[in-house]
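# Per-entry structural report
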Amino acid sequence: MPSSLPSAAQPALSAIAAGRRTRIKICGMTREADIDTAVQEGADALGFVFFEASRRYVSPDRAAQLRHRIPAFVDVVALFVNADTALIREVQDKVAPELLQFHGDETPEACQRHGQRFLRAFRIGGPALPDAAAVAATCQHWEAASAWLFDSDSTGYGGSGHGFDHDLLDAVSTLPTTRPIILAGGLKPDNVSQAIARTRPWAVDVSSGVESAPGEKSAASIQAFCQAVRAADSLAD
Ligand SMILES: O=C(O)c1ccccc1NCC(=O)[C@H](O)[C@H](O)COP(=O)(O)O
């Protein structure tokens, strides 16, 4: 039974544990062709980065255009880094994301005031969250999140292409209340299978590892990544 699921959900989801399917989020989408490829290869969620310092930044208007390429049952994730309420409201109005993702230093109260389900990203392995105990202690304040996204700690907040020591997640599953785990940070087609085997996450999240250049996804890499995730799931059955 996946230990990264909330205890209330575990009995309901244990029935699919045997046919586990690791969800896939591909972040930093900026082009129509990349969206088409990700949807075709079975991505479950696509992320738009509304952080102007990112090389994958898209404006709310551009994201609204791109969103029309995304069919039902593929979630749109709007990613923010310490954004003001006006930007978040504009994105909600123009893009209508299914999920918000907070990747900065936002407080639980700040994340909950937008009336939507949200992903809390934790940047771990750096001075702020250096060890497994610190990670677990921090997570305890975030039961309101729909999932916990664990990423490497980077000066640019995210999308670094760098990984982190997955042992740092070991204490999370021992918490009295957990949330589904999304594993991010430096994942690629040639390392995602091992990462899934080690951490058994609810989902994996990737940006750099499927790119030919920042913001420009590689169709071949997206296909290889999704196939590697499926192969990892079949090995776990
Ligand atoms: O993708 C970015 O450019 C980015 C910039 C600032 C904050 C977060 C950002 N991305 C968030 C994501 O969810 C990425 O997919 C995650 O950090 C993993 O990125 P990568 O290591 O490149 O796969």
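Computed from a predicted model, the values in this text were never measured in an experiment. (Residues numbered from 1 in each chain as written. Predicted model: local features only at pLDDT ≥ 70, side-chain atom pairs only at ≥ 80, totals over all residues. Heavy atoms only, no water.)

## A closer look at the overall build of the protein chain
Basically, it comes down to this: Helix and strand definitions here come from DSSP, where helices need a minimum of 4 consecutive H or I residues and strands a minimum of 2 consecutive E residues; each element is numbered from the N-terminal end. The size measure is the radius of gyration over C-alpha atoms, and the globule rule it meets is 2.2 Å times the number of residues to the 0.38 power. Exposed residues in this analysis have more than 50% of their type's maximum accessible area, buried residues have under 20%, and partly exposed residues fall in between, with area computed by a 1.4 Å probe over protein chains only. Any two residues whose heavy atoms approach within 4.5 Å at even a single point are treated as in contact. Note on areas: Shrake-Rupley, 1.4 Å probe, and residue coverage restricted to the protein chains presented here. This count recognises Lys and Arg as positive and Asp and Glu as negative, with His and chain-terminal groups excluded. A charge is said to be at NZ when it belongs to Lys, at CZ for Arg, at CG for Asp and at CD for Glu.
A tally of helices and strands in the protein chain yields eight helices and 10 strands. Relative to its length of 237 residues, the protein chain is compact, with a C-alpha radius of gyration of 17 Å against a globular reference of 18 Å. Expressed as lengths along the three principal axes of its C-alpha atoms, the size of the protein chain is roughly 40 × 40 × 35 Å. Within the span of the protein chain, comprising 237 residues, buried residues form 52% of the whole. Taking as baseline every contact in the protein chain between residues at least 6 positions apart, the subset at least 24 positions apart corresponds to 60%. Just so you have it, the protein chain exposes about 10,300 Å², and 51% of that area is on carbon and sulfur atoms. Each charge sign in the protein chain was given a centre, from 22 positive and 28 negative side chains, and these centres are 3 Å apart.

## So, the UniProt feature "domain: N-(5'phosphoribosyl) anthranilate isomerase (PRAI)" (unreviewed entry) in the protein chain
Put simply, the rule is: UniProt positions are given in the numbering used here, feature names are shortened, and annotations may be inferred rather than shown by experiment.
Listed under "domain: N-(5'phosphoribosyl) anthranilate isomerase (PRAI)" (unreviewed entry) in the UniProt record, and renumbered for this structure, are residues 24–227. End C-alpha atoms of residues 24–227 are separated by 11 Å, and the span's content is 28% helix alongside 21% strand.

## Notes on the pairing of strand β1 (residues 23–26)
The following threshold applies: At least two DSSP bridges between two strands are required for those strands to pair. A clockwise path from the first strand over the helix to the second, with the strands pointing away from the viewer, defines a right-handed crossover.
Looking at chain direction, β1 and strand β8 (residues 203–206) are connected through four bridges and run parallel. In the strand pairing of β8, I24 is matched with V204. Bridging between β1 and strand β2 (residues 45–49) involves two bridges; their strand directions are parallel. Looking at the pairing, I26 lines up with L46 of β2. Handedness of the crossover joining β1 and β2 through helix α2 (residues 32–40): right-handed.

## Quick look at the site of the ligand
Let me state the cut-off plainly: If even one non-hydrogen atom of a residue comes within 4 Å of a molecule or strand, that residue is called near it. Within 3.5 Å is the distance limit for a polar contact, defined as a pair of N or O atoms, with the added protein rule that one can donate a hydrogen and the other accept it, and that residues adjacent in sequence qualify only through two side-chain atoms.
The environment of the ligand is made up of 23 residues, and the closest members are S54, D151, G159, D205 and S208. Within the side chain of S54, an N or O atom sits 2.7 Å from an oxygen atom of the ligand. One of the backbone N or O atoms of G186 is found 2.9 Å from an oxygen atom in the ligand. Protein contacts shield 99% of the accessible area of the ligand, which totals 520 Å² for the unbound molecule.

## Looking at the nonpolar core
Stated precisely, the cut-off is as follows: Think of a nonpolar core as a cluster: buried Ala, Val, Leu, Ile, Met, Phe, Trp, Tyr and Cys residues, connected wherever their side-chain atoms sit within 4.5 Å.
Counting 56 residues, the largest nonpolar core has I26, F48, F50 and F150 as the members making the most contacts within it. Considering every element that reaches this core, the biggest residue donor is helix α8 (residues 219–236), with six residues. The contacts of F150, once residues within four sequence positions are left out, are F122, I124, V135, C139, F164, L169, V172, I181, I182, L183 and A184. One finds A45, L99, A147 and A203 within the second-largest nonpolar core, a separate group that totals 10 residues.

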